[in-house]
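Residue-level listing of the chains:
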Amino acid sequence: MTMYWNKKVECMSREEMRRLQSERLVKMVEHVYNDSTYYRKRMDECGVKPQDIRSIDDISKLPFTTKQDLRDNYPFGLFCVPMEDIVRLHASSGTTGKPIVAGYTKDDLAMWSEVVARSLMAAGVSKDDIMQVSYGYGLFTGGLGAHDGGTLIGASIVPTSSGNTEKQITLMRDFGSTVLACTPSYALYIADSIKKSGFDIKDFKLRVGIFGAEPWTDAMRRDIEEKLNIKAFDIYGLTEMCGPGVGCECECQNGTHLWEDHFYPEIIDPVTLQPLPPGEKGELVFTNLTKWGMPMIRYRTRDLTTLHYETCECGRTAVRMSKILGRSDDMLIIRGVNVFPSTIESIILEFPECEPYYMIEVDRVNNTDTFDIQVEVKPEYYTDRITELAALKKRITARVQSVVGISPNIKIVEPNTIERSMGKAKHAIDHRKFE
Amino acid sequence: MLIKQLSVFLENRLGRFSQIAKIFSEAGINMKAFTVSENAEFGVLHLIVSDPEKACALLREKSFAATLNDVICLQCPDVPGALEVALAAITEAGISIEYMYAFAQGSTASVIIRPNDLDKCIEVLSENKFKTLTQEGLNSI
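Quick caveat: nothing in here was measured; it's all calculated off a predicted structure.

## Here's the deal with the overall build of chain A
Within chain A, the regular secondary structure consists of eleven helices and 21 strands. Relative to the 2.2 N^0.38 estimate, which gives 22 Å for 435 residues, the radius of gyration of chain A is 23 Å and therefore close to what a compact globule would have. C-alpha extents for chain A along the principal axes are approximately 75 × 65 × 40 Å. Looking at chain A residue by residue over its 435 residues, the buried ones come to 54%. If you take every contact in chain A between residues at least 6 apart in sequence, the share linking residues at least 24 apart comes to 65%. Per element, the accessible surface of chain A, about 18,600 Å² overall, is 51% carbon and sulfur.

Below is the structure:
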């Protein structure tokens, strides 16, 4: 039997939903115009006043917000309430040394718990479940987001956080955890560790997996489902909106239901920036309709996808998003970390020994992302000593690790190996298959 | 006292050395000795050739990462224990060797030595009356 956390909203008619979205957008636009110097300036620049926004149809009059805007206003420039009303701060992995910061009021946290609760219940989690949260707890939104949503529906939460896998497995077996919430790659690692430890999966009571924070393939899903003897669900979210719980798959697994009374989704043409009709592929744009602390107005996710508005077999009318089909910028997500080729470029340029050419190569081997960067050394820096090249490789590796947060494999290649391009150079090759 | 060694950075890729051999063959450059320092991903090929300047220029033209550097070419009799005496003198002077390789011709062995301190190594060897080859001497072998 289908379970809903908030049936009224999740199954609301399209007209009712638009009315609710309109009402909320009008309030949100008044809030950001009156309470944020940043948004007021942006709206004034575009010649838009709050009174121009009368319904959700007027949303396309509003200016976009981008990741760059968040960086430029680091850390609190986009907060729209006084600091005394902010009760929680989170931050996502930064790629230029500056993380993306998110601030939440008490009501924002309640909203977040609500959408995670809806997500969990859509995946079949209830108060009768014992849910092991193996997302990292801390600045990362995964751990506390899943924790609060699970608490709201009344599940018994086991807050193991990530890591210490042996203990995770022991507790999972001894406590009889029925739900596992973590990244899909960690789920696979746990599955393989269970096998290695000599445990029998029959001694475990797992039945549902809530996996997100990184892209994963259907093959990976089948692999996890088989090894852990569970049904695996994709939960979707981004720090800028709140974290996990912006949407989740239901039992039909026919797309990700987005909780659009809180996060209004649009699909735009990434070149003309014009909204596209339902079903067409384009860039996903979100507007926070209820998050008061740090609302995002028309935030460009850069994710390419399609939206489907037909009622789902589960009874939900909530819009469904297809799999992410790519990016409208060149950002790579490697081991869950956002990597921009431009960041790698600026690091390579810091090294006088290196030519200003590089090539990033990403693949997935044994369910772990590989991260190679090819660099060329300038002719005058070659010597007869191989130890000097090895030391250079080590220094570049350490620098990338400290800026990006993950360790690359630096490959020094022979001169003129990396393609020189007259036009827009290709800086990354992604061999991973997500479709 | 010193000779020129040609060093070429090479990725571990099929056929790279054979391309170098072809370039030298076409230009009439003779390889007298070579060795490779390597790790899993790349290596540095060290060569003693008949015309190091020309060889280096040719390789650079073809985009090889080639450099010239000075090394010592020690001459010693090709008999047991000959090298040991020379190495003992070098070690006693506190000089360490980055890499070395050797080739023998007739009753004489030539040992290419890349010490961490070239000047000091030359000094120690000549104080101890060891014979080192010059470029001209080498080319006449």
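Next comes the rest of the description.
## Digging into the sheet that holds strand 18 (residues 354-365) of chain A
Whether parallel or antiparallel, the strands of a sheet pair through hydrogen bonds between backbone atoms. Residue and element names in this part refer to chain A. The strand order across the open sheet formed by four strands is 20-19-18-21, and the pairing between neighbours is mixed. Whereas interior strands pair on both sides, the edge strands pair on one side only; in this sheet they are strand 20 (409-413) and strand 21 (428-430). Across the sheet, the axes of successive neighbouring strands diverge by a mean angle of 20°, strand direction being ignored. For strand 18 and strand 21, the ladder comprises three bridges, and the chain directions are parallel. Bridging from a neighbouring strand, I360 pairs with A428 of strand 21. Packed onto the sheet, helix 10 (residues 341-349) meets strand 18 and strand 19 (368-377) and runs at close to 135° relative to strand 18.

## Focus: the interface of chain A and chain B
It is common to report an interface's size as the accessible area lost on association of the parts. Listed by partner, the interface residues are 18 residues for chain A and 24 residues for chain B. For the pairing of chain A and chain B, the buried interface totals around 1,600 Å² over both sides, and the portion due to carbon and sulfur atoms is 53%. Among the residues chain A hides against chain B, the three largest losses belong to D384, I386 and E414 of chain A. Together they make up 44% of the total. Along the contact surface separating chain A from chain B lie five salt bridges. Note that E414 of chain A is salt-bridged to R13 of chain B, the shortest N-O span being 3.9 Å. There are eight residue pairs in polar contact (both at pLDDT 80 or more) connecting chain A and chain B.

## Details of helix 6 (residues 141-153) of chain A
All names here are of chain A. With 13 residues, helix 6 extends 18 Å between its outermost C-alpha atoms, agreeing within 8% with the 18 Å of an ideal straight helix rising 1.5 Å per residue. Regarding helix 6, the residues found buried are T141, G142, G143, G145, A146, D148, G149, G150 and I153. Taken from the residues just after helix 6, G154 is the one with a positive phi, measuring 90°.

## Considering the domain arrangement of chain A
Residue and element names in this part refer to chain A. Looking at the assigned domains, one finds that chain A contains domain 1 (7-329) and domain 2 (333-430). On a C-alpha basis, the centres of domain 1 and domain 2 stand 32 Å from each other. Contact residues are listed per partner, giving 16 residues for domain 1 and twelve residues for domain 2. Contact between domain 1 and domain 2 buries roughly 1,000 Å² in total, counting both sides, with carbon and sulfur atoms accounting for 50%.

Calculation rules
- Residues numbered from 1 in each chain as written.
- Chains lettered and ligands numbered in written order.
- Predicted model: local features only at pLDDT ≥ 70, side-chain atom pairs only at ≥ 80, totals over all residues.
- Heavy atoms only, no water.
- Helix = DSSP H or I, 4+ residues; strand = E, 2+ residues; numbered from the N terminus.
- Rg over C-alpha atoms; globule rule 2.2 N^0.38 Å.
- Buried < 20%, exposed > 50% of the residue type's maximum accessible area, 1.4 Å probe, protein only.
- Contact = heavy atoms within 4.5 Å.
- Areas by Shrake-Rupley, 256 points an atom, 1.4 Å probe, with all protein chains shown as cover.
- Pairing = 2+ DSSP bridges.
- Axes fitted to C-alpha atoms, helices over the stretch in contact; angles between N-to-C directions.
- Buried area = accessible area lost by both parts, 1.4 Å probe.
- Salt bridge = Lys/Arg side-chain N within 4 Å of Asp/Glu carboxyl O.
- Polar contact = N/O pair within 3.5 Å; in protein donor to acceptor, adjacent residues only side chain to side chain.
- Expected span 1.5 Å × (residues − 1).
- Domains from an automatic or database assignment.

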